[in-house]
Amino acid sequence: YLAQRVERFRSAPGLEVRFNTEVSVEMLPAGQFDVVVLATGARPKGLAVEGSDRPHVLAAVALLQDPARADAARRVVVVGGGEVGCEVAHFLAYEKGKAVTVIEMLPHLMAASCTANRGYLIHYLEARGVQLWNCARLTAIGAHAVTVVRNVSPTVPSPYATWSPVIPENVVNPLARPMRIEEKEVVLPADLVVVAVGMAPDDALYQACLRARVAPAIHNIGDAFAPASILEATRMGELVGRAV
């Protein structure tokens, strides 16, 4: 919808659209702009573990942009059990036919998600045989396997249990039983490692524009300000657009 609106008004006076143009700080002062709005998005967070720079390790965004990168893999480990990690696992298991394991450090997968959506997705992952490992952390990535330290205590909640909502961290549940720590190191075969541990603001251009003072008013919006949903991004864009 937004792309069609932009295309519709491209011929209107005062609107210029340039595609395939990389913006640099040096080119902005020449435009003598009164206001510069940066919406440069976010970048995937990486892993600070041994082997994270291996060629078969890639961000979830990179995989979704080029799904063919998973074609040669048979066993895939997805690091991060949030919404993106679980949706990528669903895609790999159902559409690519891969054997998938999801590794999540927290006790619950998709802890911040809607209970109904979370339940359905976990149900589908279980039905397809996707292994869900909660309370587990990746410690090393090898050529054909990963090393994971996993809490194997029976007090760890089942990652497949979806009949009760996940209580927020700031709410104390007096009925919750304490979780004991019984960690075990496990070596898990993996031909491909997909990293889905969140996004970080890509605000390098914004910071450079501030230092160079390219315009009297400089705004940083969208995921470049703070990774969020498309609702927050479009709302922020509208508010800034109306303000200028």
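Coordinates for the structure precede this section.
Conventions and cut-offs
Residues numbered from 1 in each chain as written. Predicted model: local features only at pLDDT ≥ 70, side-chain atom pairs only at ≥ 80, totals over all residues. Heavy atoms only, no water. Helix = DSSP H or I, 4+ residues; strand = E, 2+ residues; numbered from the N terminus. Contact = heavy atoms within 4.5 Å. Areas by Shrake-Rupley, 256 points an atom, 1.4 Å probe, with all protein chains shown as cover. Lys, Arg positive; Asp, Glu negative; His and termini not counted. Charge placed at Lys NZ, Arg CZ, Asp CG, Glu CD. Salt bridge = Lys/Arg side-chain N within 4 Å of Asp/Glu carboxyl O. Buried < 20%, exposed > 50% of the residue type's maximum accessible area, 1.4 Å probe, protein only. Polar contact = N/O pair within 3.5 Å; in protein donor to acceptor, adjacent residues only side chain to side chain. Axes fitted to C-alpha atoms, helices over the stretch in contact; angles between N-to-C directions. Left-handed = near helix turned anticlockwise from the far one by under 90°. Nonpolar A, V, L, I, M, F, W, Y, C, P; charged D, E, K, R; others polar. Phe/Tyr/Trp six-rings, centres within 6.5 Å; stacked < 30°, edge-to-face > 60°. Lys NZ or Arg CZ within 6 Å of the ring centre and 35° of its normal. Disulfide = S-S within 2.5 Å.

**Student:** Quick rundown of the overall build of the protein chain? Include the residues and the values.
**Tutor:** Each helix and strand counted, the protein chain has 6 helices and 12 strands in total. Dimensions of the protein chain, computed from C-alpha atoms along their principal axes, come out at roughly 65 × 45 × 35 Å. When contacts within the protein chain are restricted to residue pairs at least 6 apart in sequence, long-range pairs at least 24 apart make up 74% of them. As displayed, the protein chain offers around 15300 Å² of accessible surface, 54% of which is attributable to carbon and sulfur atoms. In the protein chain, which carries 23 positive and 24 negative side-chain charges, the distance between the mean positions of the two groups comes to 3 Å.

**Student:** Break down the pattern of salt bridges for me, citing the residues and quoting the values.
**Tutor:** Tallied over the entire structure, the rule returns 7 salt bridges. A salt bridge links arginine 18 to glutamate 16; the nearest nitrogen and oxygen atoms lie 2.8 Å apart. No difference in accessibility class separates arginine 18 from glutamate 16, as the two residues are exposed. Put simply, aspartate 71 and lysine 96 hold a salt bridge, and the shortest N to O gap is 2.7 Å. Residue aspartate 71 is found in the loop between α2 (60-65) and β4 (75-79), and its partner lysine 96 is found in the loop between α3 (83-94) and β5 (99-103); the two are separated by 25 residues along the sequence. Among the residues examined, aspartate 71 registers a relative accessible area of 45% and is labelled partly exposed. Taking the relative accessible area as the measure of exposure, lysine 96 reaches 26% and is therefore partly exposed.

**Student:** Tell me about the side chain of histidine 56, and name the residues and values.
**Tutor:** Looking at the element boundaries, histidine 56 is found in the loop between β2 (42-44) and β3 (57-59). Look at histidine 56 and you get buried, because its relative accessible area is 13%. Within the structure, histidine 56 has its side chain in polar contact with the backbone oxygen of glycine 142 (distance 3.1 Å). Ignoring anything within four residues of it in the chain, the contact list for histidine 56 reads Ile141, Gly142, Ala143, Ala190, Asp191, Leu192 and Val193.

**Student:** Hey, could you go over the packing of α3 against helix α4 (residues 115-127) for me, with residue numbers and the actual values?
**Tutor:** Put simply, α3 and α4 touch, their axes get as near as 10 Å, and they point 35 degrees apart. The element α3 and its partner α4 pack so that their crossing is left-handed. Together, Cys86, Glu87, Ala89, His90 and Tyr94 of α3 and Leu121, Tyr124, Leu125 and Ala127 of α4 make up the contact between the two elements. For the contact of α3 with α4, the class distribution of residues is 7 nonpolar, 1 polar and 1 charged.

**Student:** Could you give me a rundown of the environment of valine 130, with the residues and numbers involved?
**Tutor:** Relative to the helices and strands, valine 130 is located in the loop between α4 and β6 (131-133). Residues valine 130 and arginine 180, 50 residues apart in the sequence, show an inter-C-alpha distance of 25 Å. With residues up to four places along the chain from it excluded, the contact list for valine 130 reads Ala89, Ala93, Val100, Val102, Leu125 and Tyr160.

**Student:** Can you explain the packing of aromatic side chains? Please cite residues and give values.
**Tutor:** For the structure on display, the rule yields 1 aromatic pair. Geometrically, the ring pair formed by tyrosine 120 and tyrosine 124 is stacked, given 6.5 Å between the ring centres and 25 degrees between the ring planes. Residue tyrosine 120 and its partner tyrosine 124 are located together in helix α4, separated by 4 residues, close to a single helical turn. For tyrosine 120, a relative accessible area of 56% gives the class exposed. Positioned over the ring face of tyrosine 94 is arginine 128, at 4.8 Å from the centre of the ring.

**Student:** Talk me through the state of the cysteines; I want residue IDs and the actual numbers.
**Tutor:** Under the counting rule described, the total for this entry stands at 0 disulfides. Looking at the unpaired cysteine 86, the closest cysteine sulfur is the one in cysteine 114, lying at 14 Å. On the accessibility criterion, cysteine 86 (0% relative accessible area) is buried. The structure places no disulfide on cysteine 135, whose sulfur is separated from the nearest cysteine sulfur, that of cysteine 86, by 14 Å. Of the residues examined, cysteine 135 reaches a relative accessible area of 11% and is grouped as buried.

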